[in-house]
Amino acid sequence: MKNSVNHIAIRKWFIFIVILCGSNIWAQSTDIFRVEYLNIPENDTGIKTQRYKALLNLPIKLNEKEDYLITGMEYNRFDMGYSENLPFDKSELIRFHVIDLNVGYLTKWNENWNLVTILTPRMASNFMNGTVTDDFFMNATATFWKERPNADKPYRIVLGLTYNSTTGLPVPLPLVNYYRRFHPNWSFTFGIPKSSLRHYFNKKHSLEMALLLDGYFINLQNDILLDNGQVASKISLTSLLGTLVYQYNISKRMSLFAMVGKTVVQEGILRNDDQGKVYLLNDESNFYIRTGFKIGVF
């Protein structure tokens, strides 16, 4: 009985993290703990990026019905480099920070579906002068989850709505995530921000081809006045990446991973308070290298 309860808890915990990737629109993680380093080398625009990430997520069982409160935190630091001259002061664009706090609730809706709700307060800023009101953002998600882990071809489907204050759209957006293990050595995931095809060589080694979204939306505490008279108060990066990921499993839950890829589409932009584009920083393709260590739920 104890093993069965633990299995249910792990499944519920897993789906919270899958759905969290919808509310935290540029991240996707099925991890309890993760540390990671990202390097985007300099391209033709003279811009390079390094990112350092750490996250921790913890489930709290509320009752015997297997309802859970999920709490977590994620931190990202971006270090930027510019080899080309820009027509304004670059001091506001050297280092950025993104801090997410996650609070979620999981409960069984009926025999087939579970309900998951998530609230994600966020701070995203260059923190040049402590914290200000514009550094704070709020994301929220409500969704249903169904899965058949013991089927001949296990699958999972997530359907819901997510609101992200950094998208510039004042309405909730659809969230869909579909996973299927269609062969003992193969699985695929279809969704946003990541779709992938994965091959399992054995229990230790796997290789994954993935298409994913990455990026950020961050407040600039001191406005940048441009030559054309416009004012930049935010910076955003949106990237669509094609990647190849190798994973080595140290144990059932612990693994090392390395990812290489290239941006298919990339757009780094300075924006005004209305999220309008005021200056294009970077629209050239980059190579993309990421590596790290994680403790996952499976």
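Owing to the predicted nature of the structure, the values given are computational and were not obtained by experimental measurement.

Chemist: With reference to specific residues and values, describe the overall build of the protein chain.
Modeler: Looking only at helices and strands, the protein chain has one helix and 15 strands in total. Counting every position in the protein chain, which comprises 298 residues, the buried fraction comes to 45%. Restricting to contacts in the protein chain with at least 6 residues of sequence separation, those with at least 24 account for 57%. Carbon and sulfur atoms provide 61% of the accessible area of the protein chain, an area that totals close to 14,800 Å².

Chemist: Could you give an account of the pairing of strand β15 (residues 287–296), naming the residues involved and the relevant values?
Modeler: Burial along β15 is one-sided: the face carrying Tyr 288, Arg 290, Gly 292, Lys 294 and Gly 296 is buried and the face carrying Phe 287, Ile 289, Thr 291, Phe 293 and Ile 295 is not. Where strand β13 (residues 254–271) lies against β15, nine bridges are found, and the strand directions are antiparallel. The partner of Gly 261 across the bridge, within β15, is Tyr 288.

Chemist: Let's hear about the pairing of strand β6 (residues 136–148): which residues, and what values?
Modeler: Two strands pair when backbone bridges link them, and strand β5 (residues 114–125) and β6 are joined in this way by 10 bridges, in the antiparallel orientation. Its bridge partner being in β6, Thr 120 is matched across the sheet by Asn 139. Summarising the sheet, β6 and strand β7 (residues 155–164) pair through 10 bridges and their orientation is antiparallel. Residue pairing for β7: Phe 144 is matched across the bridge by Leu 159. Between β6 and the antiparallel strand that follows it, β7, lie six residues.

Chemist: Tell me about the nonpolar core, and please be specific about residues and values.
Modeler: Counting residues in each nonpolar core, the largest one holds 22 residues, and the members touching the most others are Leu 93, Phe 96, Tyr 216, Ile 218, Ile 235 and Leu 270. For this core, the secondary structure elements donating two or more residues are β3 (68–82), β4 (95–108), β11 (205–225), β12 (231–249) and β14 (277–282). Per-element accounting of this core gives the leading share, five residues, to β11. Sequence-distant contacts of Leu 270, defined by excluding residues within four places in its chain, comprise Phe 88, Leu 93, Leu 220, Ala 232, Lys 234, Ile 235, Gly 276, Lys 277, Val 278, Tyr 279 and Leu 281.

Chemist: Tell me about the environment of Lys 108, residues and numbers included.
Modeler: Among the secondary structure elements, Lys 108 is positioned in strand β4. According to the relative accessible area criterion, Lys 108 is partly exposed, its value standing at 44%. Spatially, the C-alpha atom of Lys 108 lies 9.5 Å from that of Phe 144, the residues being 36 residues apart in sequence. Polar side-chain contacts of Lys 108 include one of 3.4 Å to the backbone oxygen of Asn 110.

Chemist: Explain the packing of aromatic side chains to me, using residue names and the numbers behind them.
Modeler: What the rule picks out here adds up to nine aromatic pairs. Between Trp 109 and Phe 144, the aromatic rings sit 5.3 Å apart at their centres with planes inclined by 75 degrees, giving edge-to-face as the arrangement. You can see Trp 109 sitting in the loop between β4 and β5 and its partner Phe 144 sitting in strand β6, a full 35 residues away along the chain. For Trp 109, a relative accessible area of 52% translates into the label exposed. Residue Phe 144 is classed as partly exposed on the basis of its relative accessible area of 30%.

Chemist: Which residues make up a negative patch on the surface, and what values go with them?
Modeler: Side chains of Glu 42, Asp 44, Glu 84, Asp 283 and Glu 284 sit close together on the surface and give a patch of like negative charge. Considering the arrangement of structural elements, one finds Asp 44 in the loop between β1 (31–40) and β2 (47–61). Since its relative accessible area comes to 71%, Asp 44 is described here as exposed.

Chemist: Please provide a residue-by-residue account of the pattern of salt bridges, values included.
Modeler: Summed over the entire model, instances satisfying the criterion amount to 12 salt bridges. Taking the shortest distance from any N to any O, the salt bridge between Glu 74 and Lys 53 comes out at 3.6 Å. Taken as a pair, Glu 74 in strand β3 and Lys 53 in strand β2 lie far apart in primary sequence, 21 residues in all. The same class applies to Glu 74 and to Lys 53, which are both buried.

Rules used throughout
Throughout, residues of each chain are indexed from 1 in the direction in which the sequence is written. With the structure being a predicted model, the display of local features is reserved for residues of pLDDT at least 70 and the display and counting of side-chain atom pairs for 80 or more, all residues being used for whole-chain, interface and lining totals. To obtain the side-chain values, all non-hydrogen atoms of the structure were included, while hydrogens and water were left out. Helix numbering and strand numbering both begin at the N terminus, where a helix is a DSSP run of H or I of at least 4 residues and a strand a DSSP run of E of at least 2. Think of it in three bands: with a 1.4 Å probe and only protein chains considered, a residue is buried below 20% of the maximum accessible area for its type, exposed above 50%, and partly exposed in between. It only takes one pair of heavy atoms within 4.5 Å for two residues to be counted as in contact. Every accessible area reported is derived by Shrake-Rupley at a probe size of 1.4 Å, with residue values counting cover from the shown protein chains alone. Strands were regarded as paired on the criterion that DSSP finds at least two bridges between them. Working definition of a nonpolar core: buried Ala, Val, Leu, Ile, Met, Phe, Trp, Tyr and Cys residues. They are joined through side-chain atoms within 4.5 Å. Residues adjacent in sequence count toward polar contacts only when both atoms are side-chain atoms; beyond that, a polar contact is any pair of N or O atoms within 3.5 Å, and within protein one must be able to donate a hydrogen and the other to accept it. Between rings of Phe, Tyr and Trp, where Trp is taken as its six-membered ring, a pair exists when centres lie within 6.5 Å; planes separated by under 30 degrees are stacked, by over 60 edge-to-face, and by other angles tilted. Think of a patch as exposed residues, more than 30% relative accessible area, with no salt bridge, where like charges cluster within 9 Å and nonpolar side chains (Val, Leu, Ile, Met, Phe, Trp, Tyr) cluster within 5 Å. Only one rule defines a salt bridge in this text: a Lys or Arg side-chain nitrogen within 4 Å of an Asp or Glu carboxyl oxygen. Residues scored as charged are limited to Lys and Arg (positive) and Asp and Glu (negative), so that His and the chain ends carry no count. Here the site of a charge means atom NZ of a Lys, CZ of an Arg, CG of an Asp or CD of a Glu.

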